[in-house]
Amino acid sequence: MSSSSQQQVQEYTTLQVTNNFTHEVNKFYIKEYKRLGQGAFGVVSKAYMVNIDKHNENANKKQSEGENSSSSTEWEGPFAVKRVLAQTEYKSRELDILKVTSHPNIIKLHYYFTDFVLTKDKNNPSGLNSGVPGYSKNLYLHLCMECLPQTLQQEITRHNKQQTTISKFKIKTYSFQLLKGMSYLHNTNICHRDIKPSNVLIDPQSLLLKICDFGSAKQLDNYPSISYICSRFYRAPELILGKTQYAVNIDNWSIGCVIGEMLLGKTIFQGNDPILQLREISKLLGPPDKRFVFLSNPGYDGPLFSEKLFSGSVRERFESVFKVLKNDAEGIDLLMGLLCYDPDKRLSCLDAMCSDWFNELKKVDSIEDCKLPKELFVFTEYDKLVLGEERVKKLTE
C-alpha cells in the first residue's frame, strides 16, 4: 500500500504486477521519487522498479553455484507511473487500449497493477475504511509506462519565455510523428479525444515524439458518445455544438491546433467558455456554415457568430495569423486542411502525412546537431497496407 503524501520519495512493495509483454505476474518493489503531473484523473510519478521474485531467484541461483549472492539490485526504469481510480469506466478503457497498441509514436505500457492507496480526505476525519484519521483507502490502477524527458507543452513554454519559437524543421519532425501515431490509432477507430501539447511527450535531443494519456480515449462505434470531451482550446467545432455521433477526425482538428501552437508559440483559440471558443474559431475560419451547424446538432440554439470578423479570404486570414508560414503554401494548405469546420472535408492523418510540407524531412538525417528519429520514414507491412501503395510511394521516394 502506498500513501499519496507530499513527500518526494515514496517506496512500497506490491504483490501482483503484470508484465504487459510476457504477461508474467511478479512481486515488485517500487520507488517513486518525482511527481511528473497531477490532475482530476490522478497523479503521474517518475519511478524505478525491482522485480523481487526474479532478484531472489537470481540470488538463490548464485548461492547454489557457490557465488557471492549479494549482487547489486536490478533496477528497471525510469517509468512514468500513472495512478488512477480502478473502478471507473474511462480508466479501464485506457488500460485496454494501452495493452494492445504498439507503435513507435505511442507511449509503451510495460507493467500494470492494482493496489490500495491511502489518500488525504478531509471528509473522513475518523479514518473510516482506512484506520488512519483524515485518510481514505481506495483501489487504484497503476500504469507503468516508458518515460520521456518532457512534454511538448514544456518545450513550447520554454521557447516562449525565451521569446523564440521552435524551429520550423523541428515542428515538421514532431508534427509528422504526431500524425503517424494518430493514423495508427485511427485505423482501428481509436479516438484519443484529448490531443494537446501536454499529452504529447518528446525528447528534444533525439526529436522523438510519443502520444500519451489515453484516459479519454475510446474505440468509436455506431453509438453516440459524449460531446463534452477534449480540452476546450483543442475541441473540434462540432463538439462545441454538441455533436454526439462523431468520428476520429475530431482528433485531426486538435492536431491542427497543436501544429499551429508550435508555429505561433501560443494557443490559437483561447475562448473563456465553450461557446466563446466558437467565436475564437470564427476569427480565423469565418462564421460556421448553417448546414454544418444543423448536421452537428439540429437542436443547437446558441449563438452562431454569423458576422465575419475579418476582411479578405480565409486563406489570407491564415497567412496573416501564421506569419511564420509566409511564402509557405504547403504549410498553409496543411493547417487549413486540418482546421476545417466540416469534419468530412478535414484532412485525414494519412493524407496529412503525405503533405509536401514534410518533403524536407526526407532530404536530411539531422538538423541543429540533432539526428532525426531512425523510424521516421520506416513503415511496417501493416503501415504500408493502411497507407496504400500511392501514399507509401510518395513517402518513401
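Just so it is clear, the model here is predicted, and its values are computed rather than measured. (Residues numbered from 1 in each chain as written. Predicted model: local features only at pLDDT ≥ 70, side-chain atom pairs only at ≥ 80, totals over all residues. Heavy atoms only, no water.)

Caption draft 1: Region of the structure containing the sheet that holds strand β11 (residues 208-211). Pairing is antiparallel across the open sheet formed by three strands, whose spatial order is β8-β10-β11. Where the open sheet ends on each side, the last strands, each with one partner, are β8 (150-151) and β11. The pairing of strand β10 (residues 200-203) with β11 spans four bridges and is classified as antiparallel. Bridged to Val200 within β11 is Ile211. (Pairing = 2+ DSSP bridges. Helix = DSSP H or I, 4+ residues; strand = E, 2+ residues; numbered from the N terminus.)

Caption draft 2: Looking closely at the confidence of the model for the protein. With 95% of its residues at a pLDDT of 70 or more, the protein has an overall mean of 91. The low-confidence segment residues 1-7, where pLDDT is below 50, has 24 contacts with residues more than four positions distant or belonging to other chains. (pLDDT = per-residue confidence, 0-100. Contact = heavy atoms within 4.5 Å.)

Caption draft 3: Highlighting the pairing of strand β2 (residues 10-19). When β2 meets strand β3 (residues 25-39), the two strands line up antiparallel, connected through seven bridges. Among the inter-strand pairings, Thr13 is bridged to a residue of β3, identified as Tyr29. In this antiparallel pair of consecutive strands, β2 and β3, the connection spans five residues, and His23 shows a positive phi of 65°.

Caption draft 4: Molecular detail of the environment of Gln162. Topologically, Gln162 is positioned in the loop between α3 (152-161) and α4 (168-187). For Gln162, a relative accessible area of 46% gives the class partly exposed. Between the alpha carbons of Gln162 and Tyr29 there is a distance of 41 Å; along the sequence they are 133 residues apart. (Buried < 20%, exposed > 50% of the residue type's maximum accessible area, 1.4 Å probe, protein only.)

Caption draft 5: Just the packing of aromatic side chains, in detail. A full pass over the atoms with the stated rule returns eleven aromatic pairs. Between Trp357 and Phe358, the ring centres sit 5.5 Å apart and the planes meet at 65°, which makes this aromatic pair edge-to-face. Judged on exposure class, the residue Trp357 and its partner Phe358 are both buried. Among the aromatic residues, ring-to-ring pairing joins Phe176, Trp357, Phe358 and Phe377 into one connected group. A cation over an aromatic ring shows up here: Arg83 above the ring of Tyr140, its NZ or CZ 5.8 Å from the ring centre. When the ring centre of Tyr228 is taken as origin, the NZ or CZ atom of Arg235, which lies over that ring, is 4.8 Å away. (Phe/Tyr/Trp six-rings, centres within 6.5 Å; stacked < 30°, edge-to-face > 60°. Lys NZ or Arg CZ within 6 Å of the ring centre and 35° of its normal.)

Caption draft 6: Summary view of the nonpolar core. In this structure, Leu152, Phe214, Ile255, Ile259, Met262, Phe269 and Leu339 are the most contacted members of the largest nonpolar core, which totals 88 residues. The element best represented in this core is α4, accounting for nine residues. Once you skip the residues sitting within four places of it in the chain, Leu339 turns out to touch Trp253, Gly256, Cys257, Ile268, Phe269, Leu284, Leu285 and Phe318. Grouped together as the second largest cluster of nonpolar side chains are eleven residues, Ile30, Met49, Phe113 and Cys144 included. (Core = buried A, V, L, I, M, F, W, Y, C linked by side-chain atoms within 4.5 Å.)

Caption draft 7: Structural view of the packing of helix α7 (residues 274-285) against helix α9 (residues 314-321). Following both chains from N to C, one finds α7 and α9 inclined at 100°, their axes separated by 8 Å at the closest point. With respect to α9, the element α7 is oriented roughly perpendicular. Across the interface between the two elements, Lys283, Leu284 and Leu285 of α7 pack against Val314, Arg317, Phe318 and Val321 of α9. When grouped by side-chain class, the residues that make up the contact of α7 with α9 number five nonpolar, no polar and two charged. (Axes fitted to C-alpha atoms, helices over the stretch in contact; angles between N-to-C directions. Parallel < 35°, antiparallel > 145°, perpendicular 65-115°, else oblique. Nonpolar A, V, L, I, M, F, W, Y, C, P; charged D, E, K, R; others polar.)

Caption draft 8: Expanded view of the pattern of salt bridges. If you walk through the whole model with that rule in mind, you get 15 salt bridges. Note that Arg346 is salt-bridged to Glu238, the shortest N-O span being 2.9 Å. Pair noted here: Arg346 is in the loop between α10 (329-338) and α11 (349-353) and Glu238 is in helix α5 (residues 237-240), with a separation of 108 residues, a long-range link. The exposure class assigned to Glu238 is buried, which follows from its relative accessible area of 0%. (Salt bridge = Lys/Arg side-chain N within 4 Å of Asp/Glu carboxyl O.)

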